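Okay, here's what each chain looks like letter by letter:
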Amino acid sequence: MYTDFEQLRADCMNCKKCRLGDTRTNLVFGVGNPNAKIMFIGEGPGEQEDLQGEPFVGRSGQLLDKMLAAISLSRNENIYIANMVKCRPPQNRDPKPDEQDLCIQWLREQVRIIRPKMIVCLGRVAACRLIDPDFKVTKQHGEFIERNGVLMMGTFHPAALLRNPNNKPAAFDDFLKIREKLQELDPDYKPE
Ligand code: URA
């Protein structure tokens, strides 16, 4: 168990626990404020993330940043963003269960140190692993459940919204719910 976020990052950066460590360009640890009250968890790095070492920097990341900005959240200020796996799965395939099992240990340590009040799962992979193995994004998106004092919600993955823009209004509603709940949970969060 870690107490120091920088030590956690340093050890994670050398991780070779699974096969994804052999093919990565960069390990993508996470980005944002380790004192954030809210975390967003994606699936795994894509091509751009692997090249740049930061989560959600490709096209889906640009959409995510826009949706976050609409509720006064930003990776440079008041949130932390991480993924279920920290290294890019080849050809952007879904991370395999054994890869997730090994990598989730790093995520758990991140969550333990950050101690968010809310965790938002971006897409099916994170929601199935962190909320409910049968999670159906189209049915259960936007629903809050509490786990060990942390509010959890699953919503659409931004890449899925790029493929199917019809779901953008529903995703935006989820972000408005996040805004409302976060105002109750975090006195420092004062959206415009
Ligand atoms: N998709 C994800 O799930 N995570 C990223 O970091 C980028 C794309």
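Residues numbered from 1 in each chain as written. Predicted model: local features only at pLDDT ≥ 70, side-chain atom pairs only at ≥ 80, totals over all residues. Heavy atoms only, no water.

(A) Quick look at the overall build of the protein. Tallying secondary structure elements over the protein gives nine helices and six strands in all. A globule of 192 residues ought to have a C-alpha radius of gyration of about 16 Å, and the protein, at 15 Å, matches this closely. The proportion of buried residues among the 192 residues of the protein is 48%. Accessible surface for the protein amounts to roughly 9700 Å². Of this, 46% is attributable to carbon and sulfur atoms. Once the 28 positive and 27 negative side-chain charges of the protein are each reduced to a mean point, those two points are 2 Å apart. (Helix = DSSP H or I, 4+ residues; strand = E, 2+ residues; numbered from the N terminus. Rg over C-alpha atoms; globule rule 2.2 N^0.38 Å. Buried < 20%, exposed > 50% of the residue type's maximum accessible area, 1.4 Å probe, protein only. Areas by Shrake-Rupley, 256 points an atom, 1.4 Å probe, with all protein chains shown as cover. Lys, Arg positive; Asp, Glu negative; His and termini not counted. Charge placed at Lys NZ, Arg CZ, Asp CG, Glu CD.)

(B) View of helix 5 (residues 97-114). Taking 1.5 Å of rise per residue, 18 residues should cover 26 Å, and helix 5 covers 25 Å from first to last C-alpha, within 8% of that figure. Of all bends in helix 5, the biggest is about 35°, found at Cys103. Among all positions of helix 5, only Glu99, Gln100, Cys103, Ile104, Trp106, Leu107, Glu109, Gln110 and Ile114 are buried. Summarising the contacts, the buried residues of helix 5 are in contact with helix 1 (5-13), helix 2 (20-23), strand 2 (38-42), strand 3 (80-83) and helix 6 (124-130). (Expected span 1.5 Å × (residues − 1). Bend = angle between axes of the 7 residues up to and from the residue. Contact = heavy atoms within 4.5 Å.)

(C) Broad picture of the site of the ligand. With respect to spatial proximity, the complete set of residues near the ligand consists of Gly42, Glu43, Gly44, Glu49, Pro55, Phe56, Ser60, Asn83 and His157. Take Asn83: an N or O atom from its side chain is 2.8 Å from a nitrogen atom of the ligand. When the ligand is considered free in solution it has 240 Å² of accessible area, and contact with the protein chains removes 92% of it. In this structure the site holding the ligand corresponds to the largest pocket. For the shell around the ligand, the residue count by class is two nonpolar, five polar and two charged. (Near = heavy atom within 4 Å. Polar contact = N/O pair within 3.5 Å; in protein donor to acceptor, adjacent residues only side chain to side chain. 1 Å grid on protein atoms, 1.4 Å probe; cavity = no way out; pocket = protein on both sides within 12 Å on 5 of 7 lines; lining within 4 Å. Sits in = over half its atoms within 2 Å of the grid points. Nonpolar A, V, L, I, M, F, W, Y, C, P; charged D, E, K, R; others polar.)

(D) Region of the structure containing the sheet that holds strand 2. The mixed open sheet is built from six strands, whose spatial order is 1-3-2-4-6-5. Every interior strand has two partners, whereas the edge strands, strand 1 (31-32) and strand 5 (145-147), have only one. Here strand 1 pairs with strand 3 via two bridges, running antiparallel. Bridging across to strand 3, Val31 finds its partner in Ile81. Contacts from helix 5 reach strand 2, strand 3 and strand 4 (118-122), with the element oriented near 165° to strand 3. (Pairing = 2+ DSSP bridges. Axes fitted to C-alpha atoms, helices over the stretch in contact; angles between N-to-C directions.)

(E) Examining the environment of Gln62 more closely. Mapped onto the elements, Gln62 comes out in helix 4 (residues 59-70). Of the residues examined, Gln62 reaches a relative accessible area of 51% and is grouped as exposed. Along the sequence, Gln62 and Pro158 sit 96 residues apart, while their C-alpha atoms lie 8.9 Å from each other.

(F) Seen up close, the side chain of Thr155. Tracing the sequence through the fold places Thr155 in strand 6 (residues 150-155). Not counting chain neighbours up to four residues away, the residues in contact with Thr155 comprise Val120, Cys121, Leu122, Gly123, Val137, His141, Ala171, Asp174 and Phe175.

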